[in-house]
Amino acid sequence: MSEKYSGPDPAQHASTGLSKRQLTTLLGGCVILAAAAWIAEVDPVALFAAGAREQMAAFVAEGIPPETSREYLLGRSLRDGLLWAVVETLAISVVGTTLAVALAVPLGLTSAATVTHRGPLYRNASAGRIAVGRGLYHASRTVLSFLRSVPGIVWGFLFVTAIGLGPFAGVLALAVHNAGVLGKLYADFLEDTDPMTTEAVAGSGATRLQAVCHGMVPQVTPTIASYTLYRWECTIRSAAILGFVGAGGVGYYLVITIQRLQYGKLSTAILAVFALVVTSDWLGSRLRTRLG
């Protein structure tokens, strides 16, 4: 009987090392990163230079201690003061996210190829029906790309110009921008569903709409809920920034204190945003755990 080869397994050796394609990809990524750093003028030495450290230390020192006066925190009326601005920011994020979902659901459905023109629902469809679905698909994808390509702060400036200063402009800005983000996510999730489940529902005599609602949507509902909650957490941070264009919320206090060089009040506003973000992250995590 011949002895078995007891040396290293070539297959195992290949699995633990990098292939030629992986090495090429890694090298290409390093080249792209180096080029991007050069274009962005990345200079770590400048950040840690003596002058930079002194300036940052002076800036931090001027913000200590944070402003805690009653007039700054509570203001002179109900709709005044930093704490009300924090509540207003939270309200902007909740309403803005809700409107974004309302816009994203139909756009996400019409932007999913498996819903409009491809997959088991369209195996026996006519060429004209598929062409119409493909046109709707491309039109919806274009709308979603435009909505999310325009930054939220630009949408905020547009709505402030249209309807004036105030939190409603912030609500609309968040709703429009996040509709583009969520709609793209919803469409991608729907396209990744198991076609066998959808085909089984359609084979039972259901219409295309019923097959989508009972075959596709239940497969992605937990994932959609989780990502929607995460996006709500992101809108809180975005809502804080919208105050820079007069769209209400705690961002108004950030920009005013920066312009007036009131660093103690700026520190308090930053701490308020931090507390709001931490609270929203905790709440979102709890909700995702329950949905999971």
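Residues numbered from 1 in each chain as written. Predicted model: local features only at pLDDT ≥ 70, side-chain atom pairs only at ≥ 80, totals over all residues. Heavy atoms only, no water.

Turning next to the pattern of salt bridges. Working definition: two side chains of opposite charge can pair if their charged atoms are close together. Per the stated rule, a full pass over the model turns up 5 salt bridges. Among the salt bridges present, the one from Arg123 reaches Glu199, with a minimum N-O distance of 2.4 Å. With Arg123 in the loop between helix H7 (113–116) and helix H8 (127–149) and Glu199 in helix H11 (residues 195–203), this residue pair connects regions lying 76 residues apart in the sequence. Look at Arg123 and you get exposed, because its relative accessible area is 54%. As a salt-bridge pair, Arg141 and Glu191 come within 3.3 Å of each other at their nearest N and O atoms. Within this pair, whereas Arg141 is found in helix H8, its partner Glu191 is found in helix H10 (residues 167–191), the two being separated by 50 residues in sequence. One continuous salt-bridge network, built from bridges that share partners, spans Arg141, Lys184, Asp188 and Glu191. (Salt bridge = Lys/Arg side-chain N within 4 Å of Asp/Glu carboxyl O. Helix = DSSP H or I, 4+ residues; strand = E, 2+ residues; numbered from the N terminus. Buried < 20%, exposed > 50% of the residue type's maximum accessible area, 1.4 Å probe, protein only.)

As a further point, take unusual backbone geometry. Positive phi, close to 55°, is recorded for Glu41, a residue that is not glycine. Tracing the backbone shows Glu41 in the loop between helix H2 (20–39) and helix H3 (44–47). Of the residues examined, Glu41 reaches a relative accessible area of 68% and is grouped as exposed. If you check the backbone angles, Leu261 has positive phi at about 60° while not being a glycine.

We now examine the layout of surface pockets. When its volume is computed, the largest pocket comes out at roughly 290 Å³. In this structure, the largest pocket is lined by 14 residues; those nearest its centre are Glu71, Tyr72, Tyr253, Arg260 and Lys265. Mapped by element, the contributors of at least two residues to the lining of the largest pocket are helix H5 (70–74) and helix H13 (251–259). With 4 residues, H13 is the largest single contributor of residues to the lining of the largest pocket. Grouping the amino acids of the lining of the largest pocket by side-chain chemistry returns 4 nonpolar, 5 polar and 5 charged. (1 Å grid on protein atoms, 1.4 Å probe; cavity = no way out; pocket = protein on both sides within 12 Å on 5 of 7 lines; lining within 4 Å. Points joined across faces, edges and corners; volume = space filled by probe spheres on them. Nonpolar A, V, L, I, M, F, W, Y, C, P; charged D, E, K, R; others polar.)

Turning to the packing of helix H6 (residues 82–110) against helix H12 (residues 208–242), a few remarks are in order. Running from N to C, H6 and H12 cross one another at 145°; their axes reach a closest spacing of 9 Å. Helix-helix and strand crossings are classified by hand; for H6 and H12 the assignment is right-handed. Contacts from Thr89, Leu90, Ile92, Ser93, Val94, Thr97, Val101 and Leu109 of H6 reach H12 at Val212, Thr228, Trp232, Thr235, Ile236, Ala239 and Ala240. (Axes fitted to C-alpha atoms, helices over the stretch in contact; angles between N-to-C directions. Left-handed = near helix turned anticlockwise from the far one by under 90°. Contact = heavy atoms within 4.5 Å.)

As a further point, take H8. Counted at 1.5 Å a residue, the expected span for H8 with its 23 residues is 33 Å, and the 33 Å between its end C-alpha atoms agrees. By the burial criterion, the buried members of H8 are Ile130, Gly133, Tyr137, Ser140, Arg141, Leu144 and Leu147. Turning to H8, the residues buried within the fold contact H6, H7, helix H9 (152–163) and H10. (Expected span 1.5 Å × (residues − 1).)

With that settled, the discussion passes to the side chain of Glu233. The topology assignment puts Glu233 in helix H12. For Glu233, a relative accessible area of 4% puts it in the buried group. When neighbours within four sequence positions are excluded, Glu233 is seen to be in contact with Ser280, Asp281, Gly284, Ser285 and Arg288.

Let's shift gears to the confidence of the model for the chain. Taken as a whole, the chain shows an average pLDDT of 84; of its residues, 93% reach a score of 70 or greater. Taken element by element, the chain is modelled with least confidence in helix H1 (residues 10–16), mean pLDDT 49, and with most confidence in H10, mean pLDDT 92. (pLDDT = per-residue confidence, 0-100.)

Our focus in this paragraph is a nonpolar patch on the surface. A cluster of nonpolar side chains, Ile153, Val154, Ile241, Phe244 and Ile258, forms an exposed patch at the surface whose accessible area comes to about 390 Å². We classify Phe244 as partly exposed; its relative accessible area is 37%. (Patch = residues over 30% accessible without salt bridge, like charges linked within 9 Å, V, L, I, M, F, W, Y side chains within 5 Å. Areas by Shrake-Rupley, 256 points an atom, 1.4 Å probe, with all protein chains shown as cover.)

The next point concerns the environment of Tyr263. Considering the arrangement of structural elements, one finds Tyr263 in helix H14 (residues 263–291). Judged by its relative accessible area of 19%, Tyr263 is buried. Beyond its immediate chain neighbours, meaning those up to four positions away, Tyr263 contacts Phe59, Glu62 and Gly63.

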